Amino acid sequence: MSDVKNILLAGVGGQGIILASKILSIGLIQAGYDVKMSEVHGMAQRGGSVTTQVRYGKKVYSPIIGKGQADILVSFETMETGKWLEFLKPDGKVVVNEFEIPSAPILACDAEYPQGVIEALNEKVDLTTFKAGELALELGNIRTANVIIVGALVKAMGLMDIDWELVIKETVKPQFVDINLKALQVGMDQVK
Amino acid sequence: MKKFMTGNEAVARGAFEAGVTYAAAYPGTPSTEILENMVQYKDDLLAEWAPNEKVAMEMAIGASVAGTRTLAAMKHVGVNVAADPLFTWGYTGVTGGFVLVSADDPGCHSSQNEQDNRYYAKFSKIVCIEPSDSQECLDFVKDAYEISEKYDVPVLFRMTTRTCHSKGLVELNDRQEVPMVPYVKKAEKYVASPATARVLHPVVEDKLKQLEKYSNETHLNRVEMFDTKIGIVTSGVAYEYAKEVFGETASYLKVGFSYPMPMDKIREFAGKVDKLIVVEELEPFMEEQMKAAGIECVGKDLIPNIGELNPDIVAKALLGEERQTVSIADDKKVMRPPTLCTGCPHRGFFYALSKKRNVMVTGDIGCYTLGAAAPLNSIDSVICMGGSISMAHGAAQAFQKNNVDQKIVSVIGDSTFFHTGVNSLMTVAYNNSNTVHCILDNRITGMTGHQENPGTGFKLQGETAREIDIPKLVEAIGIDHCVTVDPLDLKAVDKALEDAFAFEGPSVIITRWPCALKKFSEADKKEFDLSFRQYKVDEDKCRGCKVCIKTGCPSLSFNGETKKAKIDPNTCIGCSVCSQSCPFDAIGKVVK
């Protein structure tokens, strides 16, 4: 009904999702959008799921979305994708960082890490997958994995016109600017 | 200047701009960051943690009586603890403007219930203000101080998880200095004896009438006229959801000042629309009052009073719109419940406790509540902050009176012990029950994200303080059997439990080891061996018995094919609990 776009980021505590959302929000604000960002982090530090939602447009009301509303679901962890999929618009895009973090029931041998998640997703949605951790290691710093994911998100959402260099300079320490800019580009290259 | 802020950051900024010079709180999700964000304004104000919400409320009341603008902040259930002073504070009124922030948690993201604290404003006869977004958090706090002083009334500033934790753009302004009101003794106002209270009650009722008049006039209650087929009365973040769903296809009465309600304004609005709908989160607080005032409307017969709302739920309830979704099979999803962290000192304690049979365990609120979850399964009940110790006492007395032989253990964290556990321990000592109380001292308030407490040696603004010595406090209360153990030493915990069970009368076990995620203080580094350690499974010795897996450590996994346990070298910090649990000595320290 409106021009508002919805981004849903999902993953596990400690994966840098909050920072990724921050970088994204700053870029969108600089581009002149009204932006709202919502995060659920109550018990996330204790190994639980983390999600953030970033909404942008001319005027944003609700800070959160409901089911079937996300234009893109960006998942930092393979299995988390399935859990949040129902928040995606049926014609929305999905970006998955292929990385498995077993949850407590799996570690306790009460369940097995689900197999065939990517294949199942491929049948249903417009999917992009890559291994951000391995790409980050190639760049020389595993901690840039979340910025690689942001790069993919930027490309998938058509937000290339925003001055991301400026945003990165504002959000990371000077010595990490160059590597994060490279990481952003690597992420963009993952999306066709 | 505009800044991208959470509601909590904006409330702190608003209080700063309003000239507040004193603030007190006890941490609790989703309210915690309000006080944490006030620290940046410490040149102009003092922000302090209290050991519990009642104390925070009273600290703030004292500052208001002294004549300055003050703020108290707490989560919704914290207001239950602070309710005693709140209700009388409603009678006496204020000197310096007073705002109590109540951060409610619809959906129980991190709470034990989802009570709607707007009822507290009505119950204690004070003002309720509800912001809808970050900008309103800042603006309305400033309005709240003006209203509080003009009408001599405390203001309950009701936020929810979404207004607290979502970010939006906020326009900032400069601080306005507000001079203190010179102190004058006013016994007829502030000595709430029965004689005074009887005089104050009609004064309060009169104030509420004036406030209702104000409620009909204030800009905090705003009418937005668009299409008039549907009129929506809404408050808080529910306004954003309604606006999202209906846009300009409905008209709105956005209630920012929700107690006393703007009933004349609502009646006038109702007259201009064909159908009146109340969109509010949780309870029918406004709807009930509107119906009692004879205003025809619909609300909770359509919109759930359970859980958190979102635009989708509102659209479904009011328009019957069901959005299309996609999904994959359920077998591609496995739950991800929160767990005790790798290296958490609580794990050792709970693992040892889980080996004890026929023990009733009362628990408390903090990270260690996770000791109730599989595979540790060590806690039987959790009701409220500080409740573990008194519940254990009552249960012990009941069992004894009815000739039932039952061992009883309570489990409580350091911050929660200071919160209200200490009162409970007094009844345990004085009434001498045969109970075992375990104070899990991890040197910080863990669950809410590492706030200082009276046992840590630091204050909110970073200054050092004299720690409360828990063993001495326990002794002073009158408990003779008290030991302190390292919770990561399974044999020591087991012995402490056995000794306590054998002791006739109340006993206390204090476990002392810092939270694995804590930023260690110099004192921590001196007291504890925090040097880097790591453990590794010797696959030749591992027989695949999975005993170590029962410790529930996130760094441990079991390979179903090789039938061997594995420790993740990227996350293990060498707490050694799995190593001690192993019956075959297959987990050893990594020697570098």
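Residues numbered from 1 in each chain as written. Chains lettered and ligands numbered in written order. Predicted model: local features only at pLDDT ≥ 70, side-chain atom pairs only at ≥ 80, totals over all residues.

A. Highlighting the overall build of chain A. Helix and strand content of chain A: 8 helices and 6 strands. What you see in chain A, going N to C, is helices and strands ordered as β-α-β-β-β-α-β-α-α-β-α-α-α-α. The globule rule puts the C-alpha radius of gyration for 192 residues at 16 Å, and the 16 Å found for chain A is close to it. Oriented by its inertia axes, the alpha-carbon framework of chain A measures out at about 50 × 45 × 35 Å. (Helix = DSSP H or I, 4+ residues; strand = E, 2+ residues; numbered from the N terminus. Rg over C-alpha atoms; globule rule 2.2 N^0.38 Å.)

B. Structural view of the packing of helix 17 (residues 414-431) of chain B against helix 18 (residues 470-477) of chain B. All names here are of chain B. Their axes nearest at 9 Å, the elements helix 17 and helix 18 cross at an angle of 40°. Viewed along their axes, helix 17 and helix 18 adopt a mutual orientation that is oblique. Residues Val422, Leu425, Met426 and Ala429 of helix 17 form the contact with helix 18, whose own contacting residues are Leu473, Val474 and Ile477. Each residue belonging to the contact of helix 17 with helix 18 can be placed in one class, and the counts come to 7 nonpolar, no polar and no charged. (Axes fitted to C-alpha atoms, helices over the stretch in contact; angles between N-to-C directions. Parallel < 35°, antiparallel > 145°, perpendicular 65-115°, else oblique. Contact = placed C-beta atoms within 7 Å. Nonpolar A, V, L, I, M, F, W, Y, C, P; charged D, E, K, R; others polar.)

C. Representation of the nonpolar core within the structure. Membership of the largest hydrophobic core comes to 168 residues, with the highest contact counts inside it found for Ala23(B), Ala25(B), Ala56(B), Val127(B) and Val155(B). Ala25(B) has contacts with Ser31(B), Ile34(B), Leu35(B), Trp49(B), Ala50(B), Ala56(B), Ala72(B), Ala73(B) and Met74(B), leaving out every residue within four places of it along the chain. Ala10(A), Val35(A), Met37(A) and Val167(A) belong to the second largest nonpolar core, which has 57 residues in total. (Core = buried A, V, L, I, M, F, W, Y, C linked by C-beta atoms within 7 Å. Buried ≥ 20, exposed ≤ 12 C-beta atoms within 10 Å, placed from the backbone.)

D. Representation of the domain arrangement of chain B. Domains assigned within chain B are domain 1 (2-217), domain 2 (221-319), domain 3 (345-527) and domain 4 (535-589). Domain 1 of chain B and domain 4 of chain B are separated by 50 Å when their C-alpha centres are compared. (Domains from an automatic or database assignment.)

E. Examining the interface of chain A and chain B more closely. The interface of chain A with chain B comprises 50 residues on the first partner and 48 residues on the second. For the side of chain A that touches chain B, the elements supplying multiple residues, two or more each, are helix 1 (17-30), strand 2 (34-40), helix 2 (78-84), strand 5 (88-97), helix 3 (104-107) and helix 4 (117-124) of chain A. The element best represented in the side of chain A that touches chain B is strand 2 of chain A, accounting for 7 residues. Of the residues assigned to the side of chain A that touches chain B, the class counts are 28 nonpolar, 14 polar and 8 charged. Across 2 bridges, the pairing between strand 2 of chain A and strand 8 (residues 166-171) of chain B is antiparallel. Pairing of Ser38(A) across the sheet is with Ser166(B), part of strand 8 of chain B. (Pairing = 2+ DSSP bridges.)

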